[in-house]
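# Structure at a glance
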Amino acid sequence: MRHLATTLMLGLILASFFPNAAAAQARTDVIWARDVEGAVMTLDGLMDEAAWGQAESLPLQWNLNLGEPGSGQKIEGDPALAEPTDPNDGTLYVLRDGNTLWLAVAVNDKSIGGGRGLNAGNWWFDGLIMSLKDRSRFDPDPAANNYFANGDNAEFIYSWWNPADTLDGGLPIPGIAPRPFGTYGVGFPEGNDGPSRTPEDIEIWDAVTTVDGTVNEINDDDVGYLMEMRIDLAALGYDMTQPGGDRVGWNIALQDADYLWPRSADFFVSRVWWQNQWANNFNHGVAYIAGGPDVTLTSGAVPDVAPDYLITNGEGFADPVIDGSLDDDVWGALSAPNATLKYRDFDAIQVPGLGDYSVSYFRPDLNGAEPDPPVLDPSLASFYLFFKGNFLYVGVDVEDQAIAGLSGEGGDGFRLTISHRDSVRTDGTLFPFQFIFNVDSTGAVRLSGDAATLAAQDPTSLSAAAAVKGASTPADPTDVDEGYQVEIQLDLTKTLGYPDGRGDGLIWLTANFFDGDYFEDPANDYTYRLWYGRERAEGAGPWGFMDPNAPVGTAVEGPAEVPARIALLGNYPNPFNPSTTLRFALPQAGEVTLQVFDLLGRRVATMALGARAAGLNEARFDAAGLASGLYVYRLEVKDLLTGALRSDAAGRMVLVK
């Protein structure tokens, strides 16, 4: 495959927020926030502005399926009834005033209220549960062993989740108003009020409700309620006024608690949701609130939004030989990887959907060291996809200088989580299958999870092979490996419930990359896993589309002169004695420092290479004072003006005297 292992053109097939590819399949999990074009909006819980009549809307109703992949419903607690006597019945409306998001929900409800009293369960209330990806809350702690990269999920709960009063039964008082809980609301109560909201919280998020009826009383006279709220998207890191607009990763659930005050025979607590039911994560899916300067009250129909990425059609190429080597013509003709993952390297990370805002990692504690040993060799994994007929092909190219040869999450490999198209949970959401592939100590692929189960049931349903690159020797900590490749063929009809011809061609696929590095001194061992979207069976899978009208493209002809990230281009000679020349490429000018470590993790040399220009560079390293052995080198690049660390990269070299 031409230049696959070293390609630096890491752009996705659909890299923009609103792709203009020729995909015929539009997304169904997007709601547009039309700009009100200067109309005055008042937060009063009345929805009496004319703009609301032109807003995009979404029904939130019991037994109404809002479509794949993550909408659903559930019963909370243990009601005796199988179905609600007064089912969830609401409609959401969405508008925008610049970067101020306006949301309103009109709910028909015969029994309004909720609480956390003696007779109330944890989620027994009426109101809204939402999660928004908050780009403003990004604190990349280098010492953290588990965090969400480039942003966090902000919780927005606006509901009658109120503490109890002192009346008999310990129930919330009639007529009490709902409250905002979560990131910019009050703290979550443990029977009493949590911390108060700050003025800054209120500036970011505020809400008002009007009720037609009486809260927290048993009667048949309640009609419903209106909730109106505004959210400052700019404060959360978004800009819908920029050319091309923006989109917010988001979900919403409508909670309904009926006949709780006091509990009667008609008691029922239920929840319906769009894409996900929780406020602190995206367990099932993620919807988008989209906005742009050209989508207004008077702009006409809202535009379609294409899936997050395309999987191209390999019909014009011969079937690849599943031997692990990505050297078939079809692999060489792919224009770019569909996703790339590298530990803490946000220049190298390229994933579909929410992008690096959906990337997370976890480092287990292997030896109790304080602090954890540094990750000296963060591997780069590039994932390539195409389809042909009923088969999905996945090629994974990994640059790894220390192939562990172990199985499971402590070794080297990856997990593909793909939604099954004909298997659903009891709540109606798609069931995910998990295909796990490791490179073992012999360099062969080892299957586990659903990959092993399905391959054992029917060998024609799944084929996979691995091949190490160059002279790599897995499970040998004393050499410098080049990495490995894995080649996979999945029969979509036998493994993931697709009809013949792939049906609508939609697919929800995420990757979890495993990398374990083990040294002669176990105190320096580490392992990590890095994923986007869902970590395991739960989480948001970006939308993919297997487009029959998009043929596999032309080959990438190798690295650009100015790459998108630091590129280590090796050292020569290697092995060396006593000096070698390191070659590397920089995406932009910076102050470069070379650090060299032995296999015990000790720093044995530091060289200030000074200011280096963007593009190709070289540096000579003299190891005359060092003993023979394997050494790890790290290049750090800092901003020329501020001195802030921009990025780094690590490689290996062998000194032989």
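Residues numbered from 1 in each chain as written. Predicted model: local features only at pLDDT ≥ 70, side-chain atom pairs only at ≥ 80, totals over all residues. Heavy atoms only, no water.

### Description of the overall build of the protein chain
When its secondary structure is counted, the protein chain shows four helices and 35 strands. Out of the 657 residues belonging to the protein chain, those deemed buried represent 57%. Within the protein chain, contacts between residues separated by at least 24 positions form 72% of all contacts whose residues are at least 6 apart in sequence. If you sum the accessible surface of the protein chain, you get close to 24600 Å²; carbon and sulfur atoms cover 51% of it. (Helix = DSSP H or I, 4+ residues; strand = E, 2+ residues; numbered from the N terminus. Buried < 20%, exposed > 50% of the residue type's maximum accessible area, 1.4 Å probe, protein only. Contact = heavy atoms within 4.5 Å. Areas by Shrake-Rupley, 256 points an atom, 1.4 Å probe, with all protein chains shown as cover.)

### Side note on the pairing of strand β9 (residues 152-159)
Counted residue by residue, β9 has six buried out of eight residues, so it is predominantly covered. The pairing of strand β7 (residues 127-134) with β9 spans eight bridges and is classified as antiparallel. By the bridge assignment for β9, D134 is matched with D152. Bridging between β9 and strand β10 (residues 179-182) involves four bridges; their strand directions are antiparallel. (Pairing = 2+ DSSP bridges.)

### Here's the deal with the sheet that holds strand β33 (residues 615-622)
One open sheet accounts for three strands, arranged β29-β30-β33; its pairing is antiparallel. Both outer strands of the open sheet, β29 (567-572) and β33, are each paired with one neighbouring strand and no more. On average, adjacent strands in this sheet sit at an angle of 20 degrees to one another, irrespective of strand direction. The pairing of strand β30 (residues 579-586) with β33 spans eight bridges and is antiparallel. Bridge assignment links T581 to a residue of β33, and that residue is R620. (Axes fitted to C-alpha atoms, helices over the stretch in contact; angles between N-to-C directions.)

### Some words on the packing of aromatic side chains
The relative placement of two aromatic rings is captured by the distance of their centres and the angle of their planes. Inspection of the entire model under this criterion finds 22 aromatic pairs. Each ring, one from W160 and one from Y225, has its centre 5.1 Å from the other, and the planes form 80 degrees; the classification is edge-to-face. Of the two residues, W160 is situated in the loop between β9 and β10 and Y225 in strand β12 (residues 224-232); the sequence distance between them amounts to 65 residues. Owing to a relative accessible area of 3%, Y225 belongs among the buried residues under this scheme. (Phe/Tyr/Trp six-rings, centres within 6.5 Å; stacked < 30°, edge-to-face > 60°.)

### So, the pattern of salt bridges
The tally for this structure, following the rule as stated, stands at 19 salt bridges. With its nearest N and O atoms 2.9 Å apart, the salt bridge here joins R529 to E409. Taken together, the residues R529 in strand β27 (residues 526-532) and E409 in the loop between β20 (391-399) and β21 (413-424) connect sequence positions 120 residues apart. The exposure class assigned to E409 is partly exposed, which follows from its relative accessible area of 27%. In this structure, R583 and E618 form a salt bridge, with 3.6 Å as the shortest nitrogen-oxygen distance. Residue R583 is located in strand β30, and its partner E618 is located in strand β33; the two are separated by 35 residues in the primary sequence. (Salt bridge = Lys/Arg side-chain N within 4 Å of Asp/Glu carboxyl O.)

### Details of the confidence of the model for the protein chain
When pLDDT is averaged along the protein chain, the result is 86, and 89% of the positions lie at 70 or above. With pLDDT under 50 throughout, residues 1-23 is counted as low confidence; its partners more than four residues away or in other chains account for 76 contacts. Contacts from residues 554-561, a stretch scored under 50 in pLDDT, to residues over four places away or in other chains number 22 contacts. (pLDDT = per-residue confidence, 0-100.)

### Quick word on the sheet that holds strand β34 (residues 629-638)
Spatially, β32-β31-β34-β35 is the arrangement adopted by the four strands of the open sheet, whose pairing is antiparallel. Sheet topology places β32 (603-612) and β35 (645-655) at the edges, where each strand pairs with a single neighbour. When strand polarity is set aside, the average angle formed by the axes of neighbouring strands in this sheet is 20 degrees.

### As for helix α3 (residues 450-457)
Every buried residue of α3 is listed here: A451, L454 and A455. End-on view of α3: buried residues confined to an arc of 100 degrees, all on one side of the axis. Exposed side of α3, more than 90 degrees from the buried face: A456 and Q457 are the residues found there. Taken together, the buried residues of α3 touch β22 (430-439), β23 (445-449), β24 (462-468) and α4 (492-495). (Arc of directions from axis to C-beta.)

### Focus on the environment of W161
Tracing the sequence through the fold places W161 in the loop between β9 and β10. For W161, a relative accessible area of 5% puts it in the buried group. Taking C-alpha positions, W161 is 8.3 Å from G113, a pair spaced 48 residues apart along the chain.

### With respect to the pairing of β30
Judged by how many residues are buried, β30 sits mostly within the fold: seven of eight residues are covered. Where β29 and β30 come together, four bridges link them in antiparallel fashion. Pairing of N571 across the sheet is with L582, part of β30. Taking the residues that link successive antiparallel strands as the turn, the β29-β30 hairpin has six residues.

### Re the nonpolar core
If you look at the biggest cluster of nonpolar residues, it comprises 55 residues, and the most contacted ones within it are F383, L416, F435 and I507. The contacts of L416, once residues within four sequence positions are left out, are F383, V394, F433, Q434, F435, F437, I488, L509, T510 and A511. Counting residues in hydrophobic clusters, the runner-up holds 41 residues, among them V107, F156, I204 and I231. (Core = buried A, V, L, I, M, F, W, Y, C linked by side-chain atoms within 4.5 Å.)

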